[in-house]
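# Structure at a glance
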Amino acid sequence: MTEPTFRIEPHATPVDAGTRAGMLVDPGFGRVFTDHMVVINYKEGMGWHDARVQARAPIQMDPASSVLHYAQEIFEGMKAYRTEDGGAALFRADANAARFARSAERMAMPPLPEPLFLESVRQLVAADRDWIPGQEGGALYLRPFMFASEVFLGVKPSSEYLYMVIGSAVGAYFKSGTPTVSLWVSADYTRAAPGGTGSAKCGGNYAASLLAQSEAIRHGCDQVVFLDAVERRWVEELGGMNLFFVFDDGSMITPPLRGTILPGITRDSILTLARDMGITVREERYAIDQWRADATSGRLREAFACGTAAVVTPIGTVRGADGDFRVGDGATPGELTLKLRTALVDIQRGLAPDRHGWVEKLL
Ligand SMILES: *Cc1c(COP(=O)(O)O)cnc(C)c1O
């Protein structure tokens, strides 16, 4: 397929406007789905073919489809935002396309050409534009993903894949303002090791993080924070969000990527926005003991997690085998944390100038 051309097969009985309006009032996260989905097939020798937008529906799979056994699967997470003028916009979708291709390579999958990825996302937003919530913090969450669909139990890269995009109307991740979250430092489990798949957005990384996340919940914490797998000392990231630290001299640190951390697009955007503000940001390792010492001494002023789903989330308390400590007063979001969040959200919503060419207007 040279030109990304899509066959459009509109839903024969889409959700009616009244029902949809009800579903969009308080959609939560990841439960309210749109009318359509994108599907593209891949087969060795044929390449990518049969791109289409069709009614969202269950898919039939053979029980021997290799993804069900060997987990060759990757995904992306991005949002279409409602702009002030009533239109819609994508934020750095080209970065998602590039990361999807890199994830594919790591998992021995054929990369989807980036123009095809971008067009698939635009096509779904065009088909389901009425599903973008209008309220503050709402967005159409887009989930492109692909998986091994060859019917074969031998262990090898699949010769067939299915690429799909589904859309889900989401509300503000946190209902009331920006509460701080509590983190559990996992001593028993790691997320990613050197040479592993930590920098690929694959479902397997999430499967591997769930037990640690359950442990966090059991200890009364919201999220797990992972340390590096070699020295069990350097702070890496949460199960699905990157980390930043803000110091009393106004400088910031975020852990360096080095292959074990997922290269977040929000992380990269925050790095850029902070530097635009004249803030010194270093990509530098930060040890858990140092975090505790700095939080206790007051040298550390703020800490936050970031990612597409929850945007920027202030960290209030950290709990681990060595006891608890607080960041700031443990409850009030940091000043710079909120400033960076607003700067980012305003660009996404078209309320602030788009100096870096991050926003693509649609419709
Ligand atoms: C997706 C993801 C992030 C955040 O990436 P964004 O592009 O900012 O949404 C961070 N960590 C992990 C493990 C992820 O899967």
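How each quantity is defined
Residues numbered from 1 in each chain as written. Predicted model: local features only at pLDDT ≥ 70, side-chain atom pairs only at ≥ 80, totals over all residues. Heavy atoms only, no water. Near = heavy atom within 4 Å. Polar contact = N/O pair within 3.5 Å; in protein donor to acceptor, adjacent residues only side chain to side chain. Areas by Shrake-Rupley, 256 points an atom, 1.4 Å probe, with all protein chains shown as cover. Nonpolar A, V, L, I, M, F, W, Y, C, P; charged D, E, K, R; others polar. Axes fitted to C-alpha atoms, helices over the stretch in contact; angles between N-to-C directions. Helix = DSSP H or I, 4+ residues; strand = E, 2+ residues; numbered from the N terminus. Parallel < 35°, antiparallel > 145°, perpendicular 65-115°, else oblique. Left-handed = near helix turned anticlockwise from the far one by under 90°. Contact = heavy atoms within 4.5 Å. Domains from an automatic or database assignment. Buried area = accessible area lost by both parts, 1.4 Å probe. Salt bridge = Lys/Arg side-chain N within 4 Å of Asp/Glu carboxyl O. Expected span 1.5 Å × (residues − 1). UniProt positions renumbered as here; feature names shortened; annotations may be inferred. Buried < 20%, exposed > 50% of the residue type's maximum accessible area, 1.4 Å probe, protein only. Pairing = 2+ DSSP bridges. Phe/Tyr/Trp six-rings, centres within 6.5 Å; stacked < 30°, edge-to-face > 60°. Lys NZ or Arg CZ within 6 Å of the ring centre and 35° of its normal.

## Here we look at the site of the ligand
As a matter of local geometry, the ligand sits amid 15 residues, with Lys-201, Tyr-206, Glu-237, Thr-266 and Thr-308 nearest to it. Within the side chain of Tyr-206, one N or O atom sits 2.5 Å away from an oxygen atom of the ligand. Contact distances for the ligand include 2.6 Å between a nitrogen atom and a side-chain N or O atom of Glu-237. When the ligand is considered free in solution it has 380 Å² of accessible area, and contact with the protein chains removes 97% of it. Taken together, the residues of the shell around the ligand sort by class into 4 nonpolar, 7 polar and 4 charged.

## Focus: the packing of helix 3 (residues 93-106) against helix 4 (residues 114-127)
A pair of packed helices is characterised by two quantities: the angle between their axes and the separation of those axes. With their axes 9 Å apart at the nearest point, helix 3 and helix 4 run at an angle of 125° to one another. Regarding the angle of helix 3 to helix 4, the classification is oblique. In terms of crossing hand, the pair formed by helix 3 and helix 4 is right-handed. Taking contact as the criterion, the partners of Ala-93, Asp-94, Asn-96, Ala-97, Ala-98, Phe-100 and Ala-101 in helix 3 are, on helix 4, Glu-114, Phe-117 and Leu-118. Class assignment of the residues belonging to the contact of helix 3 with helix 4 gives a composition of 7 nonpolar, 1 polar and 2 charged.

## Comments concerning the domain arrangement of the protein
Its domain assignment divides the protein into domain 1 (7-170) and domain 2 (181-348). The C-alpha centroid of domain 2 is placed 28 Å from the C-alpha centroid of domain 1. Listed as interface residues are 20 residues of domain 1 and, on the opposing side, 20 residues of domain 2. Buried area between domain 1 and domain 2, both sides added, is near 1700 Å², and the carbon and sulfur share of it is 60%. When the buried area of domain 1 at its contact with domain 2 is split by residue, Phe-75, Phe-91 and Arg-99 rank highest and sum to 34% of it. A salt bridge links Asp-268 to Arg-92; the nearest nitrogen and oxygen atoms lie 2.9 Å apart.

## Some words on helix 3
The end-to-end C-alpha distance of helix 3, which contains 14 residues, comes to 20 Å, matching closely the 20 Å that a straight helix rising 1.5 Å per residue would cover. Two residues or fewer past helix 3, Ala-108 is found with a positive phi of approximately 55°.

## Some points on the UniProt feature "modified residue: N6-(pyridoxal phosphate)lysine" (unreviewed entry) in the protein
The sites that carry the UniProt feature "modified residue: N6-(pyridoxal phosphate)lysine" (unreviewed entry) are, in the present numbering, Lys-201. Here Lys-201 is to be found in the loop between strand 9 (181-185) and helix 5 (203-218). For Lys-201, a relative accessible area of 11% gives the class buried. Apart from the residues lying within four places of it in its own chain, the contact partners of Lys-201 are Ile-74, Phe-75, Glu-76, Gly-77, Arg-99, Ser-103, Tyr-206 and Leu-262.

## Focus on the side chain of Ser-182
With respect to the helices, strands and loops of the structure, Ser-182 is situated in strand 9. For Ser-182, a relative accessible area of 12% translates into the label buried. Setting aside anything within four residues of it in sequence, one finds Ser-182 in contact with Gly-220, Cys-221, Asp-222, Gln-223 and Thr-317.

## Some points on the pairing of strand 9
Along strand 9, 5 of the 5 residues are buried, which leaves the element largely enclosed by surrounding structure. Both faces of strand 9 are covered, namely the face carrying Val-181, Leu-183 and Val-185 and the face carrying Ser-182 and Trp-184. In this sheet, strand 16 (residues 311-320) lies alongside strand 9 in parallel orientation, the contact comprising 4 bridges. Looking at the pairing, Trp-184 lines up with Arg-319 of strand 16.

## Some details on the packing of aromatic side chains
For the structure shown, the criterion picks out 14 aromatic pairs. Measuring from ring centre to ring centre gives 5.4 Å for Phe-75 and Tyr-206, while their planes differ by 65°; the resulting arrangement is edge-to-face. Residue Phe-75 is found in strand 4 (residues 73-75), and its partner Tyr-206 is found in helix 5; the two are separated by 131 residues along the sequence. The buried category is assigned to Phe-75, whose relative accessible area is 8%. Ring pairing ties together the aromatic residues Phe-245, Phe-247, Tyr-286, Trp-291 and Phe-325, which thus form one cluster. Just above the ring of Trp-131 sits the side chain of Arg-20; from NZ or CZ to the centre is 5.9 Å.

## Quick notes on the pattern of salt bridges
Applying the stated rule across the entire model yields 18 salt bridges. The shortest N-O distance in the salt bridge between Asp-324 and Arg-319 comes to 2.9 Å. Asp-324 sits in the partly exposed class, given a relative accessible area of 47%. Accessibility expressed as a relative area gives 32% for Arg-319, which makes it partly exposed. Shared partners join several salt bridges into a network, and the residues in it are Arg-7, Glu-9, Asp-50 and Arg-52.

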